[in-house]
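Chain by chain, the residues:
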Amino acid sequence: MAKGWLKIRPHWFFLSPGVLLISFFYFIPVVLVFVIAFTNMDQAFNWRFVGLANFSRLFTLRDPLIPRIIKNTIVYIVGALPLTIIGALLISLLTMRVNRTASLFFRAVFFLPRLIPPVVWGFLWMWSFEGTRYGVFNSILGSFGLPIIHWFIKFPMLIVIFANGFLGISLAMLIFTSAIASIPRDYLWAAEIDGASFWQTSRFVIIPLLRWPIMTMTAWHLMSFINSYVYIFLITGGGPYHATEVWALYGYNTAFKNYQYGYGSSIMVVLVVINVLLLITLLRSFGMKKMIERSRIEA
Amino acid sequence: MKVILKDLSKHFGNVKAVNNLNLEINDGEFIALLGPSGCGKTTTLLTVAGLYKPTRGYIYFNDRIVNEVSPKDRKIGMVFQSYALYPHMTVFDNITFPLKLKKTPREDRKRKALDVARLVHIEGLLNRKPAQLSGGQQQRVALCRALIKEPEILLLDEPLSNLDAKLRAAMRSELKRLQKDLSITTIFVTHDQVEAMTMADRVAVMNEGVLQQFSNPDELYNYPKSLFVAGFIGSPSINLIDVSLARSNGKFFLKGKGVQIELPREISSRVESNSLSPQLVFGIRPEHITVNQKKEGIKAEVYVVEPLGRENLVTIKTSDISLKVLTSPTLKIGPEEKVWIDFNLDKIMLFDKETGRSLLLR
């Protein structure tokens, strides 16, 4: 019997370890989150079903922090996403102009954030903008006799945006430079003969040809920034006083810092729903289905 | 615009893509750069365009050295082999791209686009994207984009090589006519000798970065200066036989495997004064050999007959040598038949085997 079953469906046998692991660590937790979101589970794991109480707390703004969290999330994405895409495009285009060695050097420098362990990256930013006179930037200011700046109090969101933006740049830059390298030389030559300056060539020829890579990277980083909290958690922890607390981090802090597992789960459920809606919208509006079909560097 | 290339060289590392090239192209002239792939013809074109900087030598437009002038200021229009039409722009936007960069008003752009589009009959396609066009139409669009700037020099890099045979023949005559009407100095790069011979006023044959000969098609065909040109030009190609020069009783003979040809006096005296070594190459085009069954000339055997319609291409063997001969279809011969061949001695060519130089030209 077992032998026959194996004979018919050997793929199930080979897939089973992976399926089990993924179910255990991804699928079951997601289901659990959805269940816990309808409970009032606390730090002692006491719980009972409370129906939609958690969600009504969220949506009726009985939680006074919610407007602030939403605003933070929007500011964060609106800052980090253009920084990533425009910054990566700029670096990719500029590395075209310098010689090979210089181009390799700059691309390596901007790729470094990807190679550094997240914790190190987070702490580097934390130490650099440390508000005492021992912080990297403050000690530089101090050596010029200038007063120290409380960076995290004055510009907390900006620091978080840049820390994440540079990470985004590293990946997007890699994608864009390789896409630019695959543009046939004739296009650039034709533009040069027709009298296009470097910026005109970039604007009218290169960037339109990079349409698909740019769209992929925009979608990718939009999703990534909505769900990201690791670097914010490491650098500011959401502070000072919720100034950098975005939706995903608020869910984490609610569940694991304030031990309101039930309420924290409901926040995460909202995030999952937003993700699903966003994914569908992106698939529709970007024609992502067409995009995934085959490699698209239109040239 | 007159174009002069003086001692022009372009090296890539150790590779001498173009080596000491000298060319003088007259105003309004249509010239072809012809040669096998890798001969430096495209490199030459890109250097004239300014996309490559010459390693040595000078490029003159009229009396002005343009080595340091950027491509956009050279008043050139160029058509690339790939056409390089921007896939995201419509035909109209592609054609008017050079004008848009110069901030020409939209009304002017529209008028000029229609003017050039009418020249090559694509005025109905202005709203299409390049992907919606056939190869021939794309080629016309690329030509329009080059012409809309009213260039003083037109550079064409194998513009016909991506078209099918019939369309290519049609475009050949159309392009030639257009060039004559507009009388723009034109440099045309091709590896196809038929294209070069049929279209250009003069053809520059290149090989391994070196100019072999620069003359009009007739001279190129009938009076090639070197073995390379003789072998490269002409289809079916010329017959080349290794021979040595021998002298007896005051007469000169060419002696090869199984052939012996007596040279007329005026030819032999010129050969004697020009040749450095006794090893020669004897060349004769297929149409300058006559075949008869009247036992006149050298005895040979028919190997294969290829009918071309207007004439037959016959391969003939005599001892170890095989010769291509063009014959009239009225001459009925078949394989293994015995025939006799005769050379038209006015049309023979002789080359020094070592240098490859023609011995009959001075």
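Residues numbered from 1 in each chain as written. Chains lettered and ligands numbered in written order. Predicted model: local features only at pLDDT ≥ 70, side-chain atom pairs only at ≥ 80, totals over all residues. Heavy atoms only, no water.

A. Just the overall build of chain B, in detail. In terms of regular secondary structure, chain B is built from 9 helices and 20 strands. Along the longest, intermediate and shortest principal axes, the C-alpha atoms of chain B span 80 × 45 × 35 Å. Expressed as a percentage of the 362 residues in chain B, the buried residues total 52%. Pairs at least 24 residues apart make up 65% of the contacts formed inside chain B by residues separated by at least 6 positions. Approximately 17100 Å² of chain B is accessible, and the part contributed by carbon and sulfur atoms is 47%. Distance between charge centroids for chain B: 4 Å, based on 52 positive and 41 negative side chains. (Helix = DSSP H or I, 4+ residues; strand = E, 2+ residues; numbered from the N terminus. Buried < 20%, exposed > 50% of the residue type's maximum accessible area, 1.4 Å probe, protein only. Contact = heavy atoms within 4.5 Å. Areas by Shrake-Rupley, 256 points an atom, 1.4 Å probe, with all protein chains shown as cover. Lys, Arg positive; Asp, Glu negative; His and termini not counted. Charge placed at Lys NZ, Arg CZ, Asp CG, Glu CD.)

B. Up close: the side chain of Ser128(A). Residues and elements named next belong to chain A. Within the secondary structure, Ser128 sits in helix H6 (residues 118–128). Of note is the side chain of Ser128, whose polar atom sits 2.5 Å from the backbone oxygen of Leu124. When near neighbours in sequence (up to four residues on either side) are disregarded, Ser128 contacts Gly135, Val136 and Phe137. (Polar contact = N/O pair within 3.5 Å; in protein donor to acceptor, adjacent residues only side chain to side chain.)

C. Inspection of a positive patch on the surface at higher detail. A cluster of basic residues, Arg203(A), Lys100(B), Lys103(B), Arg106(B) and Lys110(B), forms a positive patch at the surface. Tracing the sequence through the fold places Lys100(B) in helix H2 (residues 91–101). The exposure class assigned to Lys100(B) is partly exposed, which follows from its relative accessible area of 37%. (Patch = residues over 30% accessible without salt bridge, like charges linked within 9 Å, V, L, I, M, F, W, Y side chains within 5 Å. Salt bridge = Lys/Arg side-chain N within 4 Å of Asp/Glu carboxyl O.)

D. Fine view of H2(B). Residues and elements named next belong to chain B. The buried count for H2 comes to 9 of 11 residues, which makes it a mostly enclosed element. Looking only at H2, the buried set comprises Val91, Phe92, Asn94, Ile95, Thr96, Phe97, Pro98, Leu99 and Leu101. Directly after H2, the chain includes Lys103, whose backbone phi takes a positive value near 60°.

E. Summary view of unusual backbone geometry. Cis geometry is found at the peptide bond from Ser235(B) to Pro236(B), where omega equals 0°. Assignment of secondary structure puts Pro236(B) in the loop between helix H8 (227–232) and strand E11 (239–248). Phi at His242(A) is positive, roughly 60°, even though this residue is not glycine. Relative to the helices and strands, His242(A) resides in the loop between helix H13 (230–235) and helix H14 (247–256). The phi torsion at Glu336(B) lies on the positive side, around 70°, for a residue other than glycine.

F. Quick look at the interface of chain A and chain B. Contact with chain A, which involves 17 residues of that partner, is made by 23 residues of chain B. Carbon and sulfur atoms make up 69% of the surface buried where chain A meets chain B, a total of about 1800 Å² over both sides. Broken down residue by residue, the surface that chain A buries against chain B is led by Trp189(A), Ile193(A) and Asp194(A), which jointly contribute 38%. Scanning the region where chain A abuts chain B turns up 2 salt bridges. Between Arg145(B) and Asp194(A) there is a salt bridge, with the nearest N and O atoms lying 3.9 Å from each other. At the junction of chain A and chain B, the tally comes to 6 residue pairs in polar contact (both at pLDDT 80 or more). (Buried area = accessible area lost by both parts, 1.4 Å probe.)

G. Looking closely at a nonpolar patch on the surface. All names here are of chain A. Judged by side-chain polarity, Leu21, Ile22, Phe24, Phe25, Tyr26, Phe27, Ile28, Val31, Leu32, Val35, Trp47 and Phe49 come together as a nonpolar surface patch covering roughly 1300 Å² of accessible area. The residue Tyr26 is located in helix H2 (residues 10–36) in this model. Judged by relative accessible area, which is 59%, Tyr26 ranks as exposed.

H. Region of interest: the pattern of salt bridges. As enumerated under the stated definition, the model contains 17 salt bridges over all chains in all. Residues Arg118(B) and Asp115(B) are paired through a salt bridge, measuring 4.0 Å at the closest nitrogen-oxygen approach. With Arg118(B) and Asp115(B) both in helix H3 (residues 106–119), this residue pair falls 3 residues apart, about one helical turn. For Arg118(B), a relative accessible area of 46% puts it in the partly exposed group. Glu174(B) is paired through a salt bridge with Arg140(B); the nearest N and O atoms lie 3.3 Å apart. On the criterion of sequence distance, the pair formed by Glu174(B) in helix H5 (residues 165–182) and Arg140(B) in helix H4 (residues 135–147) is long-range, its members being 34 residues apart. One continuous salt-bridge network, built from bridges that share partners, spans Asp194(A), Arg145(B) and Lys149(B).

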